[in-house]
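Topology and contacts: notes
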Amino acid sequence: MAELAEQLDIVIPTIRNLDFLEQWRPFFQPYHLIIVQDGDPTKKIMVPDGFDYELYNRNDIERILGDKAWCISFKDSACRCFGFLVSKKRYIFTIDDDCFVAKNPSGEDINVLQQHIRNLLTPSTPYFFNTLYDPYREGADFVRGYPFSLREGVPTAVSHGLWLNIPDYDAPTQMVKPRERNQRFVDAVMTVPKGTLFPMCGMNLAFDRDLIGAAMYFGLMGEGQPIGRYDDMWAGWCSKVICDHLGVGTKTGLPYLWHSKASNPFTNLRKEYKGIFWQEEIIPFFQSLTLSKESTTAEACYIEMAEKVRKGLGHIDPYFNKLADGMVAWIQCWQQLSKKD
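Omega for the peptide link from Leu-254 to Pro-255 comes to 10°, which places this bond in the cis form. Relative to the helices and strands, Pro-255 is located in strand 9 (residues 249-259). Phi angles above zero are rare outside glycine, and Tyr-133 is one such case at about 65°. Assignment of secondary structure puts Tyr-133 in the loop between helix 4 (112-121) and strand 6 (156-165). For Asn-165, which is not glycine, the phi torsion reads 80° and is therefore positive. Take Asn-165: it is sitting in strand 6.

Here you go:
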């Protein structure tokens, strides 16, 4: 029996046939898939036989969300967060369709779900750094000098995995290092310390929907928006601040997958151009953002954060006022759809 098969959904955004699932079959077949089809809703997406899945396209999103459907991005992988809305499971794993099974240094296939589940079901240590990294792994522990009062850790909300082969670079870095490939397998999982932000990538990501799902909104990207490729960054900044506020943890490191396809750096630059400048103000905003003690859930934190975004970032560009509206609409959709039966 696959671990947590009844408690975990796999969310995949796509515009193409999902032939890549054949390689994942030994690992994904026991789980339920939520496929979010982007782009032309009349196009038929082919899914290999034998998988348990539901598929949603833009028509479905508009039918289910009605006048709030605008808060789900179109023609951008940010549409994946619709799958987070309709899931009824406690845990989510999301992956891109150009990612395949990687091998560890021993040549064995890496079971990404097994490692993500292990990350999520063991505590995080955001308040004090352990120099042997994850102390809950077999063969590791807390080192001398680690406070005993902190060794219970805190619940883990986010497990952020990495990638071999094509690294997740921004467009300028892609342009100056077009042939660079990540071949380093670092056998480590670590907790991102409290008060530290990180660039979250959505192509190999798992999270506890009950603890932090309401903060996993991938923003307004794609068609009609002035920015792209910052969907997972936005979700990462928001969710990390909320994790810190709620006293739950974020891990990064294992598991690795194989990222097979480098996107066009010139196309990426057009999408990222404003974000590259804006992030120099956005990141200090999040670094200094505090939430009130009355906000005790991810939903409450996100509503409070939306108003802070409006007031703190609205001067950069009118886009941020629309984004704040999108954050509020997202929570309204979350409250409408995502409560367990």
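The end-to-end C-alpha distance of helix 10 (residues 319-337), which contains 19 residues, comes to 26 Å, matching closely the 27 Å that a straight helix rising 1.5 Å per residue would cover. Within helix 10, the full set of buried residues consists of Tyr-319, Phe-320, Leu-323, Ala-324, Gly-326, Met-327, Ala-329, Trp-330, Ile-331, Cys-333, Trp-334 and Leu-337. Summarising the contacts, the buried residues of helix 10 are in contact with helix 2 (58-65), helix 3 (81-86), helix 6 (209-212), helix 7 (231-246), helix 8 (265-288) and helix 9 (298-313).

Once that is clear, we can look at the environment of Gly-253. Of note, Gly-253 is situated in strand 9. Gly-253 sits in the buried class, given a relative accessible area of 7%. For Gly-253 and Trp-163, which are 90 residues apart along the polypeptide, the C-alpha to C-alpha distance reads 9.4 Å. When residues no more than four places from it in sequence are discounted, the contact partners of Gly-253 are His-160, Gly-161, Leu-162 and Ala-188.

Moving on: the packing of helix 7 against helix 9. Running from amino to carboxyl end, helix 7 crosses helix 9 at an angle of 125°, the nearest separation of the two axes being 11 Å. Comparing the axis directions of helix 7 and helix 9 gives the class oblique. In terms of crossing hand, the pair formed by helix 7 and helix 9 is right-handed. Where helix 7 abuts helix 9, its residues Trp-234, Cys-238, Val-241, Ile-242, His-245 and Leu-246 lie against Ala-298, Cys-301, Tyr-302, Met-305, Val-309 and Leu-313. In terms of residue class, the contact of helix 7 with helix 9 is made up of eleven nonpolar, one polar and no charged.

The rules we used
- Residues numbered from 1 in each chain as written.
- Predicted model: local features only at pLDDT ≥ 70, side-chain atom pairs only at ≥ 80, totals over all residues.
- Heavy atoms only, no water.
- Helix = DSSP H or I, 4+ residues; strand = E, 2+ residues; numbered from the N terminus.
- Expected span 1.5 Å × (residues − 1).
- Buried < 20%, exposed > 50% of the residue type's maximum accessible area, 1.4 Å probe, protein only.
- Contact = heavy atoms within 4.5 Å.
- Axes fitted to C-alpha atoms, helices over the stretch in contact; angles between N-to-C directions.
- Parallel < 35°, antiparallel > 145°, perpendicular 65-115°, else oblique.
- Left-handed = near helix turned anticlockwise from the far one by under 90°.
- Nonpolar A, V, L, I, M, F, W, Y, C, P; charged D, E, K, R; others polar.

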